[in-house]
Amino acid sequence: MSEHSQNPALAGQAEVFDQRVCSLGEGPLWHPERKNLYWVDVLNKRVLANGADGEQAWEFEEMPSAIGWVDRDRVVVAFESGLYLLDLDSGETSLLCSIEADMSGNRSNDGRADPWGGFWIGTMGMEGEPDQGNLYRWYKGELRQLDSGMTVPNGICFDHTRGFGYYADSAKNRIYRVPLNEKDGWLAGEREVFLDLSEQGLIPDGAVMDGQGNMWSSLWDGARTQCFTPDGSAITALPAPVIRTTCPAFGGENFADMYVTTAAVGLEDEVDAAVQNGVTLVYRNAVKGKPEPAVVLR
């Protein structure tokens, strides 16, 4: 067996990292310079943080959905109408680029910085209308559409070593893989189906790649974050004490902790659970990850 087909060494169980309940927690990002975890509560229009700077929260008029870091003081936040810079000290925002300004029925969804400093972002209908979503990449001031006809674009992550980008359509239970140009990270070929999880009834949500090139996908209504090898084999999982796991991120000391956002939407009657849906979880010393690349502005 190759190192990539072996089960990663797992340690510890899920702990509650942050008690604040998110209707739809998503987009966790560990800032490598500030030592804080940032994430979004989409439906409540909040960006949240916890870590070296303590608990923080910013409220907005539009729904945020994903975050990438630029430098110590600024992050990129995807909102309904476009990508914005958020100043972490002042809380002020400034527009980087509009996205689908002529489609008021759409909003942004999952996003992640790629190894070249670009930022990938999906869009979807406000009510999850079929095939209304698209996938974009913003890179050094240029926005290009990468894919279309999606319903809930999700699970954006990258295997730089093998030259692939990955993304899911949660509504279709599929994860896609696409080759990337080694020089600048633009598409170098057509997408292919990496995993079709429809027969298992699994819904892939957010995803991240670990230090060995394994994909960790949080499964909506699956109560776990599942690990898949580069050949698509499911090899292990981190079980969650909640139902709706939404997105993982690596952080902490040596990027060996996995943080997982969750959602409470639709589960408001689940009041007897030991851990409340919508909190943010952490698995200490779970598996070795890697830092997220910074977004390059120009």
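Residues numbered from 1 in each chain as written. Predicted model: local features only at pLDDT ≥ 70, side-chain atom pairs only at ≥ 80, totals over all residues. Heavy atoms only, no water.

If you check an unreviewed UniProt entry, the protein chain appears there as SMP-30/gluconolactonase/LRE family protein from Microbulbifer salipaludis. UniProt lists a comment for the protein chain under the heading Sequence similarities (unreviewed entry), and it reads "Belongs to the SMP-30/CGR1 family." (UniProt positions renumbered as here; feature names shortened; annotations may be inferred.)

(A) Here's a closer look at the sheet that holds strand E5 (residues 56-59). Read from one edge of the open sheet, four strands run E2-E3-E4-E5, paired in antiparallel fashion. The strands lining the two open edges of the sheet, one partner per strand, are strand E2 (25-31) and E5. Neighbouring strand axes in the sheet, compared pairwise and without regard to direction, differ in orientation by 15° on average. Where strand E4 (residues 46-51) meets E5, four bridges bridge the pair, whose relative direction is antiparallel. Bridge pairing links Leu 48 to Ala 57 in E5. (Pairing = 2+ DSSP bridges. Helix = DSSP H or I, 4+ residues; strand = E, 2+ residues; numbered from the N terminus. Axes fitted to C-alpha atoms, helices over the stretch in contact; angles between N-to-C directions.)

(B) Broad picture of the nonpolar core. Counting residues in hydrophobic clusters, the biggest one holds 25 residues, and the most contacted among them are Trp 216, Phe 250, Met 258, Leu 281 and Tyr 283. Mapped onto this core, the elements with two or more residues apiece are strand E3 (36-41), strand E21 (234-239), strand E23 (257-262) and strand E24 (280-283). The next biggest cluster of nonpolar side chains, apart from the first, holds 20 residues, and it includes Leu 29, Val 75, Phe 79 and Leu 88. (Core = buried A, V, L, I, M, F, W, Y, C linked by side-chain atoms within 4.5 Å. Buried < 20%, exposed > 50% of the residue type's maximum accessible area, 1.4 Å probe, protein only.)

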